[in-house]
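Each chain is listed here by its residues.
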Amino acid sequence: MPDTKVYLLDGGTLVLDGFHIWWNKGPGGEVRFPVYSVLVDHPQGKFLIDTGYDYDHVQKVLPFEKPQQTEQQTIPGALKLLGLEPKDIDVLFNSHFHFDHVGGNKFFPDVKKICHKDEMPQAANCQSFEVLGYSDLAFSTEVAEARGMTDQLDAGQTAGNTSFEFVEGDVELAPGVTLIYTPGHTVGHYSLLVEFDTRRPLLLTLDAAYTRKNYENDINAGFHIDPVAGVESMRRLKKIEEDKNAEVLFSHDPESFKEYRTGVNFYG
Ligand SMILES: Cc1ncc2c(c1O)COC2=O
Ligand SMILES: [Zn+2]
Ligand SMILES: [Zn+2]
Ligand SMILES: [Zn+2]
C-alpha cells in the first residue's frame, strides 16, 4: 500500500503587527508571515485542508495586511505544480472559516466539503470583533446571504455547490488522518494529525498556534473567540505531540516555515 504523502501548498504571505500574532506579548511591529494549505495524498483519496486567501479580497478588505502572492501560490497554481487540478481533490476540509483559509474554496464547486458543525452558524452571525476574520464569505452562499454580502459570490455559486457536511469532536478523515478539535481561535477550529507507515507523525496546529512562540508559551493570537479554550487547545496539542512523538508544524511561523517542505517536496 503506498504511504500517505503530505504537501504544504505555499499560499503567499501577509503582514500583521506582532501584538496580533502574540496577543498581549508582542513585540509590536510588522511581521510578514506565510499562509499555506495542506494536501494529504492518501491511498483512500486526496484531501485538501484549507485553501489560503484570495488576493483580490485581501487587497480590497484588508490592504493593511499587504498580501504578496504569485500565480503559483494560488490554489490552482500550487496544485498545477503537482500535476493536479481542483477536480482531482476528493474532499475539502476547512479548519475554520477565516479569510486566509477559505480564499480558494470557489475552485471546488463539485467537491465534498466538511467543517465543524458550529463554524458555519458562527460565520453567519459572528461577533463584532470577528467580522474581519470572517470577511471572505464566497465559500458559502448560506453565510453570504446571512451576512447580506451576496455580492461576494461568483456566478454559478449556489447553496448546493457551497454546502458543507458537519462534524464535531475529533474525526478520522481516513486511516491515519485525524482532525483534532482545537477550539478557541474560532468556535469550530481544527488541527490535523497525520500518521505514516514510514516516518513519525505530523501534527499541524493550523491556527491553534500561529508560531512556535505561541505554542511553547501558551500565547493566543490576537484573534480568538475564547482565549481560555485557546490555551487548553495548545496544551492538548502538546500532549499529543509527546504521546505520538509528532513533528509539529505551525500555520503562520516565518522562521519555522523556512525549513518546511513545500512545492513538490512532501512529508511521507
Ligand atoms: C491573518 C489574519 N488576519 C486578520 C484576522 C485573522 C487572521 O488570521 C483572524 O481574524 C482576523 O481579523
Ligand atoms: Zn502504507
Ligand atoms: Zn484564523
Ligand atoms: Zn490563519
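Procedures and definitions
Residues numbered from 1 in each chain as written. Chains lettered and ligands numbered in written order. Predicted model: local features only at pLDDT ≥ 70, side-chain atom pairs only at ≥ 80, totals over all residues. Heavy atoms only, no water. Helix = DSSP H or I, 4+ residues; strand = E, 2+ residues; numbered from the N terminus. Rg over C-alpha atoms; globule rule 2.2 N^0.38 Å. Buried < 20%, exposed > 50% of the residue type's maximum accessible area, 1.4 Å probe, protein only. Donors = N, O, S within 2.8 Å, 3.2 Å for Na, K, Ca; no water. Tetrahedral: all angles 85-135°; square planar, octahedral: opposite > 155°, others 65-115°. Pairing = 2+ DSSP bridges. Axes fitted to C-alpha atoms, helices over the stretch in contact; angles between N-to-C directions. UniProt positions renumbered as here; feature names shortened; annotations may be inferred. Near = heavy atom within 4 Å. Polar contact = N/O pair within 3.5 Å; in protein donor to acceptor, adjacent residues only side chain to side chain. Areas by Shrake-Rupley, 256 points an atom, 1.4 Å probe, with all protein chains shown as cover. Nonpolar A, V, L, I, M, F, W, Y, C, P; charged D, E, K, R; others polar. Disulfide = S-S within 2.5 Å. Phe/Tyr/Trp six-rings, centres within 6.5 Å; stacked < 30°, edge-to-face > 60°. Patch = residues over 30% accessible without salt bridge, like charges linked within 9 Å, V, L, I, M, F, W, Y side chains within 5 Å. Salt bridge = Lys/Arg side-chain N within 4 Å of Asp/Glu carboxyl O.

Chemist: So what's going on with the overall build of the protein chain? Residues and values would help.
Modeler: Scanning the protein chain from N- to C-terminus turns up 9 helices and 12 strands. Radius of gyration (C-alpha) of the protein chain: 17 Å, near the 18 Å computed for a compact globule of 268 residues. Taken along its principal axes, the extent of the C-alpha atoms in the protein chain is 45 × 45 × 35 Å. Going through the 268 residues of the protein chain one by one, you find that 58% of them count as buried.

Chemist: Describe the coordination of the zinc ion (ligand 4), listing the residues and the values that go with them.
Modeler: Every protein donor of the zinc ion (ligand 4) is listed here as Asp100 (OD), His101 (NE2), Asp207 (OD) and His252 (NE2), and their distances to the metal cover 2.1 to 2.2 Å. Angles of 88 to 153° at the metal separate the 4 donor atoms of the zinc ion (ligand 4), which places the site in the irregular class. Each donor residue of the zinc ion (ligand 4) belongs to the same chain, and together they define the spacing D-H-x105-D-x44-H.

Chemist: Tell me about the pairing of strand S2 (residues 30-42), and name the residues and values.
Modeler: Of all 13 residues in S2, 10 are buried; the element is thus mostly enclosed. With 11 bridges connecting them, strand S1 (residues 5-17) and S2 associate as antiparallel partners. Its bridge partner being in S2, Asp10 is matched across the sheet by Tyr36. Remark: 2 residues form the turn of the hairpin made by S2 and strand S3 (residues 45-49), two consecutive strands paired antiparallel.

Chemist: Could you give an account of the sheet that holds strand S9 (residues 190-194), naming the residues involved and the relevant values?
Modeler: Within the open sheet, the 5 strands sit side by side as S7-S8-S9-S10-S11. Their pairing is mixed. A strand with exactly one partner marks an edge of an open sheet, and here the two such strands are strand S7 (171-174) and strand S11 (247-249). Neighbour to neighbour, the strand axes of the sheet diverge by 25° on average, direction disregarded. With 3 bridges joining them, S9 and strand S10 (residues 202-204) adopt antiparallel strand pairing.

Chemist: Run through the UniProt feature "domain: Metallo-beta-lactamase" (unreviewed entry) in the protein chain, naming residues and quoting values.
Modeler: Under the local residue numbering, the UniProt record ascribes the feature "domain: Metallo-beta-lactamase" (unreviewed entry) to residues 34-252. In residues 34-252, helix accounts for 24% and strand for 21%; the two terminal C-alpha atoms are 5 Å from one another.

Chemist: Which residues make up the site of ligand 1, and what values go with them?
Modeler: Around ligand 1 lies a shell formed by Leu16, Phe33, Glu65, His98, Phe99, Asp100, Leu132, Gly133, Tyr210 and Phe223. Between ligand 1 and Glu65 there is a distance of 2.6 Å, counted from a nitrogen atom to a side-chain nitrogen or oxygen. In this structure, an oxygen atom belonging to ligand 1 sits 3.5 Å away from a side-chain N or O atom of Asp100. About the coverage of ligand 1: the protein hides 98% of its 300 Å² of free accessible area. A per-class count over the shell around ligand 1 returns 6 nonpolar, 2 polar and 2 charged.

Chemist: Residues and numbers for the state of the cysteines, please.
Modeler: A disulfide bridge is the covalent bond that connects two cysteines by way of their sulfur atoms. A complete count under the given rule lists 0 disulfides for this structure. The thiol of Cys115 is unpaired, and the distance to the nearest cysteine sulfur, on Cys126, comes to 15 Å. According to the relative accessible area criterion, Cys115 is buried, its value standing at 0%.

Chemist: Break down the packing of aromatic side chains for me, citing the residues and quoting the values.
Modeler: When we look at a pair of aromatic rings, we describe it by the centre distance and by the angle of the planes. A full pass over the atoms with the stated rule returns 10 aromatic pairs. Here Tyr7 and Phe266 contribute two aromatic rings whose centre-to-centre distance is 5.5 Å and whose plane-to-plane angle is 50°, an arrangement assigned as tilted. In this pair, Tyr7 sits in strand S1 while Phe266 sits in strand S12 (residues 266-267), placing the two residues 259 residues apart along the sequence. The class for Tyr7 is buried, based on a relative accessible area of 11%.

Chemist: Any details on a nonpolar patch on the surface? Residues and values, ideally.
Modeler: A grouping of Val61, Phe64 and Leu132 is seen on the molecular surface, where their side chains present a nonpolar patch of about 250 Å² in accessible area. With respect to the secondary-structure elements, Val61 resides in helix H2 (residues 55-61).

Chemist: Would you mind going over the pattern of salt bridges in detail, with residue names and values included?
Modeler: In the structure shown here, the tally under the stated rule is 15 salt bridges. Asp218 is paired through a salt bridge with Lys238; the nearest N and O atoms lie 2.6 Å apart. Pair noted here: Asp218 is in the loop between helix H7 (212-216) and helix H8 (227-244) and Lys238 is in helix H8, with a separation of 20 residues, a long-range link. Asp243 is the partner of Lys239 in a salt bridge, and the nearest nitrogen-oxygen pair spans 2.7 Å. Here Lys239 pairs with Asp243, and both are found in helix H8, just 4 residues apart, close to one helical turn. Accessibility expressed as a relative area gives 46% for Lys239, which makes it partly exposed. Among the ionic contacts, a cluster of salt bridges with common partners joins Glu85, Lys87 and Asp88.

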